[in-house]
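So you can see what is in the structure, the chains are spelled out below.
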Amino acid sequence: VLILIVDDEVQVARSIERLLHRHGYDVRTARSGPEALRLLDGIDLLLTDIGMPGMSGLELVAEVKRLHPAVRCCVMSGDAGAEGMESASPLVDGRIGKPFTHQALLALVRGDGGLRDGAEP
Amino acid sequence: MTERSRGTETRRARLLIGFSFVSVAPGAVFFALAIVNYHMPILALVTGVVFCVLPFAILFESMRLKTMAALSDAHTRLEAAREKALHGDRLVSLGQMAAGIAHEINNPMAFVSSNIALLREDLERGPLDPTLQRDYVEDILPATEEGIRRIIRIIGDLRRFARADTEKGVEFDFNEEVETALRMCEKSLGDCRLSVRLGKLPATVGRPREIGQVTMNLVVNAAQALKHGGEIRVETEASGTEILLRVSDDGVGMTPEVKARVFEPFFTTKAVGEGTGLGLAVVHGIVRAHGGSVCVNSDVEGGSTFEVRLPVASSSALRVARGASQGTGVT
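The model shown is predicted, which means the values in this text are computed figures rather than measured ones. Counting restarts for each chain: residues are numbered from 1 in the order of the written sequence. Going through the entries in the order they are written, you letter the chains from A and number the ligands from 1. pLDDT decides what is reported in this predicted model: residues at 70 or higher carry local features, side-chain atom pairs at 80 or more are listed and counted, and totals for whole chains, interfaces and linings draw on all residues regardless. Side-chain metrics rest on all non-hydrogen atoms present in the structure, leaving aside hydrogens and water.

Novice: Any chance you could break down the packing of aromatic side chains for me, citing the residues and the numbers?
Specialist: All names here are of chain B. Here a Phe, Tyr or Trp ring, Trp counted by its six-membered ring, pairs with any other such ring whose centre lies within 6.5 Å, and the pair is stacked when the planes are under 30 degrees apart, edge-to-face when over 60, and tilted otherwise. On inspection of all chains with the given rule, the structure shows two aromatic pairs over all chains. With centroids separated by 6.1 Å and ring planes inclined at 85°, the aromatic side chains of F263 and F306 adopt a geometry described as edge-to-face. With F263 in the loop between α6 (256-261) and α7 (279-289) and F306 in strand β7 (residues 303-311), the pair connects residues that are 43 residues apart, well separated along the chain. The buried label applies to any residue whose accessible area, calculated with a 1.4 Å probe on protein chains only, is under 20% of its type's maximum; exposed applies above 50%, and partly exposed to all values in between. Using a relative accessible area of 17% as the deciding quantity, one classes F263 as buried. In this description a helix means any DSSP run of H or I spanning at least four residues, a strand means any run of E spanning at least two, and both kinds are numbered starting from the N terminus.

Right under this line is the structure:
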């Protein structure tokens, strides 16, 4: 499974990349929407931050769904519960709040997490 | 004006209107008499005029009273509306601030917690192989520590913004603090040149470290507006009972919308990692705590000028410890 992680915060993308590598996933990372659009070839899952300068995560999801409807699209956000997360539901296949537990993130990637908040007690 | 006094005025106005109509009749009679009976023309004329003019005077007065009542009513309503709008504004600001804090802290928190969980999971599998160990020492753990430092910085900025710092005010040399601050942030200014003109200033009372912070935040903000380099002008001067600190740049100016929100906490036009939106909010907090004011002149074409005004004399907002300036270790 090839996953594309998009976050303007490099360290967030890299920490997720490390985790997913450990669990046998192939991972690409991008720092922005436009950069992500150049790396879509062959991906199975897009995991993108919502709040990014320029192209937002939701705009990116809309574009990816238009170009590759089969790609699963998940979003993450630092201000979970904000309107961005709520209005995300029609197009996105999953969402997770920052910070997240590894279990929550892996469940999201496997697709058995459904729509959930990443934050756990 | 209260409800009751407004009611009284309205009643008085109605009474006056009634009276003015009643008194028009005798006025007319006396006036007619003055024309018909020229035996006592003067008396009749005077009485007639008085009775005719009086009603109009009374009418005028009653209208004035009514207008006053309506005006004060409108004023009360306006005041209430303003109060409501202000309150709404504060709530919006608070909501934006909460979202801002969540976002600024949750991002570093996401990779800090993920990296630490990863370390635990890796260690649970047994000893780390040398490559992985090097990866942790040289890359993952330093990045994690930087994330923690970022969170600490945000909390520190928030405390300064909320004026929770309790450092005492001391007598200090304003220019010296400005110069120290400029030396400290010179390296982070990239291609920007500093043009410094420090005027002769009287000794002032305040928290010198915070004044340094104000200077630094304004200069760094100016440098960020000058993306392709340029000149940052820093000036100080004494103006009456105030000390003036002016920091200007001719970089990217602000739109009126940005200008209106520029001192709001977590309001930023910069990319992630470039600014938390707290720098200018901290400036605002510190300056206000010193009993001073800060304002900005900016237009999209011609850059921005921030002007800080601080009172020379100690402000009651500061707990001044003049004698303690040598002893407290505050530099």
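Novice: Before we move on, can you summarise the pairing of strand β5 (residues 94-97) of chain A with the specific residues and values?
Specialist: All names here are of chain A. Burial along β5 is two-sided: G94 and I96 and R95 and G97, pointing in opposite directions, are all buried. A pair of strands counts as paired when DSSP detects no fewer than two bridges linking them. Bridge count for strand β4 (residues 72-77) against β5 is four bridges, and the pairing is parallel. Opposite C74, over in β5, you have G94 as the bridge partner.

Novice: Explain the pattern of salt bridges to me, using residue names and the numbers behind them.
Specialist: All names here are of chain A. A pair is scored as a salt bridge if a Lys or Arg side-chain nitrogen falls within 4 Å of a carboxyl oxygen belonging to Asp or Glu. If you walk through the whole model with that rule in mind, you get 23 salt bridges over all chains. Across the pair D93 and K65 runs a salt bridge, and its minimum N-O distance is 2.8 Å. With D93 in the loop between α4 (83-86) and β5 and K65 in helix α3 (residues 57-67), this residue pair connects regions lying 28 residues apart in the sequence. Residue D93 is classed as partly exposed on the basis of its relative accessible area of 33%.

Novice: If you had to explain the pairing of strand β4 (residues 230-239) of chain B to someone new, which residues and values would you point to?
Specialist: All names here are of chain B. Of the strand pairs in this sheet, strand β2 (residues 192-198) and β4 are connected by seven bridges, and their pairing is parallel. Along β4, the bridge assignment pairs L194 with I232. Direction of pairing for β4 relative to strand β5 (residues 242-249): antiparallel, over a ladder of eight bridges. Among the inter-strand pairings, I232 is bridged to a residue of β5, identified as D249. Between β4 and β5, which pair antiparallel and follow one another directly, the connecting turn spans two residues, one of which, G240, has a positive phi of 65°.

Novice: Tell me about the packing of helix α5 (residues 208-225) of chain B against α7 of chain B, and name the residues and values.
Specialist: For any two helices packed against each other, one specifies the crossing angle of their axes together with the interaxial distance. Residues and elements named next belong to chain B. In the contact formed by α5 and α7, the axes pass within 9 Å of each other and the chain directions differ by 145°. Remark: the crossing between α5 and α7 carries left-handed chirality. Taken together, the residues of α7 that come into contact with α5 (itself represented by E210, Q213, V214, N217, L218 and N221) are G279, L280, V282, V283, I286 and V287. Taken together, the residues of the contact of α5 with α7 break down into seven nonpolar, four polar and one charged. To obtain each axis, a line is fitted to C-alpha atoms, and for helices this fit is confined to the stretch in contact; angles are then taken between N-to-C directions over 0 to 180 degrees. When the near helix sits turned anticlockwise from the far one by under a right angle, the crossing is termed left-handed; a clockwise turn instead gives a right-handed crossing. In this analysis, two residues are considered to be in contact whenever any of their non-hydrogen atoms come within 4.5 Å of each other. Just so you know the grouping, Ala, Val, Leu, Ile, Met, Phe, Trp, Tyr, Cys and Pro go in nonpolar, Asp, Glu, Lys and Arg go in charged, and all remaining residues, Gly too, go in polar.

Novice: Could you give an account of the sheet that holds strand β2 (residues 26-30) of chain A, naming the residues involved and the relevant values?
Specialist: Residue and element names in this part refer to chain A. Spatially, the five strands line up as an open sheet ordered β2-β1-β3-β4-β5, and their pairing is parallel. With one partner strand each, in any of the chains shown, β2 and β5 form the two edges of the open sheet. Adjacent strand axes in the sheet meet at a mean angle of 20° when their direction is disregarded. For strand β3 (residues 45-49) and β4, the ladder comprises five bridges, and the chain directions are parallel. The partner of T48 across the bridge, within β4, is V75. Packed on one face of the sheet, α3 meets β1 (2-6), β3 and β4 and runs near 160° to β3. Against the sheet, helix α5 (residues 102-110) touches β1, β3, β4 and β5, its axis set at about 170° to β5.

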